[in-house]
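Here is how the chains run, residue by residue.
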Amino acid sequence: MTLTCYRCGRTAGSGARCDCGEPLWLATDPADFSWPDGDADGPGTRGVWRYADLLPVDPLDGVGTAAGATPLVRVPRLDESAGCRLWLKDESENPTGSFKDRGSAVGVAAAASAGDDRVGTVSHGNMATSMAANAASAGLPCLVLVPEDIPPERLGYLAAYDPDVVRVAGDYGRLYYESLDLSGVRFVNSDTPYRVAGQKTTALEICEQFRRTGPDAPDADGGSSRSSPARSEALGEGTAPDAVVLPVSSGGHASATWKALRELEAAGLLEDVPRLYLVQAAACDPIAEAYRDGADEVGTAEAGETVAYSIANPDPPSGTRALTAVRETGGAVVSVPDEEILDAKRALARRAGFCVEPASATALAGVRRLSTDGAVARDDHVVAIATGTGFREPPDAGVDPPSVALDDLDESVSALLSG
Ligand SMILES: *Cc1c(COP(=O)(O)O)cnc(C)c1O
Ligand SMILES: [Zn+2]
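Residues numbered from 1 in each chain as written. Chains lettered and ligands numbered in written order. Predicted model: local features only at pLDDT ≥ 70, side-chain atom pairs only at ≥ 80, totals over all residues. Heavy atoms only, no water.

## Focus: a nonpolar patch on the surface
- Residues Val 404, Leu 406, Leu 409, Val 413, Leu 416 and Leu 417 make up a contiguous nonpolar surface patch of roughly 630 Å² in combined accessible area.
- Structurally, Leu 409 is set in helix H13 (residues 409–418).
- In this structure Leu 409 comes out as partly exposed when scored by relative accessible area, which is 41%. (Patch = residues over 30% accessible without salt bridge, like charges linked within 9 Å, V, L, I, M, F, W, Y side chains within 5 Å. Areas by Shrake-Rupley, 256 points an atom, 1.4 Å probe, with all protein chains shown as cover. Salt bridge = Lys/Arg side-chain N within 4 Å of Asp/Glu carboxyl O. Helix = DSSP H or I, 4+ residues; strand = E, 2+ residues; numbered from the N terminus. Buried < 20%, exposed > 50% of the residue type's maximum accessible area, 1.4 Å probe, protein only.)

Here it is as C-alpha cells:
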C-alpha cells in the first residue's frame, strides 16, 4: 500500500506523517469504482465492507463486519429551524454507538492481517471504546492511553471490553505524536491512514443512499423535491446532497469525508461535489479560527470547557487538511456556543426522536448558523452527521411527573388531556 500527502504529493511506504508535516493517507485508484450491487448485504459485504474496492484490507470476522450500514433519515420536522431540507446520518447505530467503529474495523483488520501483536489508541471517549471492542473481537490486546483527568464513568464504559488502560500525565496533544513512535503496539489514532480509510465509508454511504432515495423524499409540506423543475433536471446518476455537515475535532473524519468525495468524483459518480461544512464548539475551535482568519495552517487553540467534550481537541493533527477540504469544496467552518449545542440536542430528541451526544448535536446547531448566514438555502438538501449516541449521557436530573392513584386514573387522564 502506498501512502500519499494531499498537500505536497509526496509518497511513502509507511508512517503517518509526511516530511512536510501533514498527515498521510492511503493512495487509491478509484477510476474503475462503481456502486456495488444493491443486494450485497452479507457479513463482509455489508456496511463498511460494501466498499471493499476502495479499502486497503479484507474484513475480519466479528464486530468489525457490523460497522456501518447506518440509516440516512429525512427529518422534515426539523426543516424549519434548520432552514433547509434536513437529513440525518445516524451513526449511533454502529456497534459501540459512533462512527469511530468504521475506522476501528479497518484499522484492526489491517493490524491482524499484518500479524501485529497488539493495537492501541489515544482517546478518552468513543475511539477508545470502539478500539477496545474491535480488538476484543479480533483477540488482540488493546492499549488505551487516556489523559490523567479522565472522568470515572468513561473508564467504566471502556472497562466493559477489558483493554489495558494507562493514564498519562502531560500534554495530551503531544501524546498523539509520541504514541505513534512507540514500538510493539500498532496505534490507530484519530487520523491515521487506516482509520481514515474506514471512516471514508460514512460519506460513501451517504452518497449512495441519497442517490437512491433523496430525490423522492417528501418535503415538510408533503410534496416531493422532484416537483421542483430546476431540481428534477439535475437528477441523474450523480445526484448527491448539496451539503454535508459534521462536527470536527482531530479532523480525521472530515479528511475521510473529503477523500470519499474525491474518490467518487474521480470515479465519475458525482455531478456536483457536496459542500463540506465543519462545526466546532466555540470554547475550543482552532479550525474555525483559522477559517475566520483566512490562515493557511491551523494552530493551537485555548482548550476551553464545553459540553461537546468529544470534539474539544485544541491541537488537531488533521486540522489543516480539514480546512483544505472545506475550501476545496466551497464549504465553511463555523463554531457554536454551548447553549446552541444543547438547544439543538433537545430539538433532535423532541422534534425528530434522535438522542445524540452534545458533540453530535453541534452539527444541527451549525446548520442553523449556516442558514442564518445564507450559506445554506431553504431548498438545499443538507445531511448532518449524527456522529455518536446520547444513550451514554447522564440523564436529565429533576424529572418529576405527576403521580396518581390507579382508581383515579380515568379522571386524572381526562384532566391532563383537557388541561
Ligand atoms: C471523534 C468524534 C468526533 C470528531 O471526529 P474527528 O475525526 O476527531 O474530527 C465527532 N463526534 C463524535 C461523537 C466523536 O466521537
Ligand atoms: Zn506533504
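## Description of the pairing of strand E5 (residues 85–90)
- Counting buried residues in E5 gives 6 out of 6 residues, a clear majority hidden from the surface.
- Side chains Arg 85, Trp 87 and Lys 89 of E5 all project onto a buried face; the interleaved residues Leu 86, Leu 88 and Asp 90 project onto the opposite face, where all are buried too.
- Examined bridge by bridge, strand E4 (residues 72–74) and E5 share 3 bridges and lie antiparallel to one another. Residue pairing for E5: Leu 72 is matched across the bridge by Lys 89. (Pairing = 2+ DSSP bridges.)

## Points about the site of ligand 1
- Around ligand 1, the structure places 15 residues, and the nearest of them are Lys 100, Asn 126, Ser 249, Ser 250 and Thr 387.
- Computed on the free molecule, ligand 1 has an accessible area of 380 Å², of which 96% lies beneath the protein chains in the complex.
- A class-by-class count of the residues in the shell around ligand 1 yields 4 nonpolar, 9 polar and 2 charged. (Near = heavy atom within 4 Å. Nonpolar A, V, L, I, M, F, W, Y, C, P; charged D, E, K, R; others polar.)

## Things to note about the sheet that holds strand E10 (residues 243–247)
- Strand order in this open sheet of 6 strands is E4-E5-E13-E10-E11-E12, and the pairing throughout is mixed. Only two strands of the sheet have a single partner each, and these edge strands are E4 and strand E12 (332–336). On average, adjacent strands in this sheet sit at an angle of 25 degrees to one another, irrespective of strand direction.
- Across the sheet, helix H10 (residues 319–329) is in contact with strand E11 (275–281) and E12; its angle to E11 comes to roughly 140 degrees. (Axes fitted to C-alpha atoms, helices over the stretch in contact; angles between N-to-C directions. Contact = heavy atoms within 4.5 Å.)

## Brief notes about the domain arrangement of the protein
- Segmentation of the protein into domains returns domain 1 (41–97 + 194–386) and domain 2 (100–192).
- In this structure, domain 1 and domain 2 have C-alpha centres spaced 24 Å apart.
- Looking at the side of domain 1 facing domain 2, the largest losses of area belong to Thr 96, Tyr 194 and Arg 195, adding up to 32% of the total buried there.
- Where domain 1 touches domain 2, the interface holds 2 salt bridges.
- Between Glu 205 and Arg 102 there is a salt bridge whose closest N-O contact spans 2.9 Å.
- Our count for the contact surface shared by domain 1 and domain 2 stands at 17 residue pairs in polar contact (both at pLDDT 80 or more).
- The dominant element in the side of domain 1 that touches domain 2, judged by the number of residues it contributes, is helix H6 (residues 193–213), at 9 residues.
- In terms of residue class, the side of domain 1 that touches domain 2 is built from 15 nonpolar, 15 polar and 8 charged. (Domains from an automatic or database assignment. Buried area = accessible area lost by both parts, 1.4 Å probe. Polar contact = N/O pair within 3.5 Å; in protein donor to acceptor, adjacent residues only side chain to side chain.)

## Describing the pattern of salt bridges
- Counted according to the given criterion, the structure contains 19 salt bridges.
- Linking Arg 174 and Glu 178 is a salt bridge whose minimum nitrogen-to-oxygen distance equals 3.5 Å. Of the two residues, Arg 174 and Glu 178 are both situated in helix H5 (residues 172–180); the distance of 4 residues between them amounts to about one turn of the helix.
- Through salt bridges that share partners, Lys 89, Glu 91, Arg 102 and Glu 205 make up one connected network.

## Regarding the coordination of the zinc ion (ligand 2)
- Within the protein, the atoms that donate to the zinc ion (ligand 2) are Cys 5 (SG), Cys 8 (SG), Cys 18 (SG) and Cys 20 (SG), at distances of 2.3 Å.
- All donor residues of the zinc ion (ligand 2) come from one chain, and their arrangement in sequence is C-x2-C-x9-C-x1-C. Taken together, the residues Cys 5 in strand E1 (residues 3–5) and Cys 20 in the loop between strand E2 (11–12) and strand E3 (24–26) connect sequence positions 15 residues apart.
- The exposure class assigned to Cys 20 is partly exposed, which follows from its relative accessible area of 25%. (Donors = N, O, S within 2.8 Å, 3.2 Å for Na, K, Ca; no water.)

## Some details on the packing of helix H2 (residues 100–113) against helix H3 (residues 126–138)
- Two numbers describe how H2 lies on H3: the axes approach to 9 Å, and their chain directions differ by 40 degrees. If you check the angle between H2 and H3, you find them oblique. The chirality of how H2 crosses H3 is right-handed. Note on element contacts: H3 touches H2 through Asn 126, Met 127, Ser 130, Met 131, Asn 134, Ala 135 and Ala 138, opposite Lys 100, Asp 101, Ser 104, Ala 105 and Val 108.
- Residue classes in the contact of H2 with H3 are distributed as 6 nonpolar, 4 polar and 2 charged. (Parallel < 35°, antiparallel > 145°, perpendicular 65-115°, else oblique. Left-handed = near helix turned anticlockwise from the far one by under 90°.)

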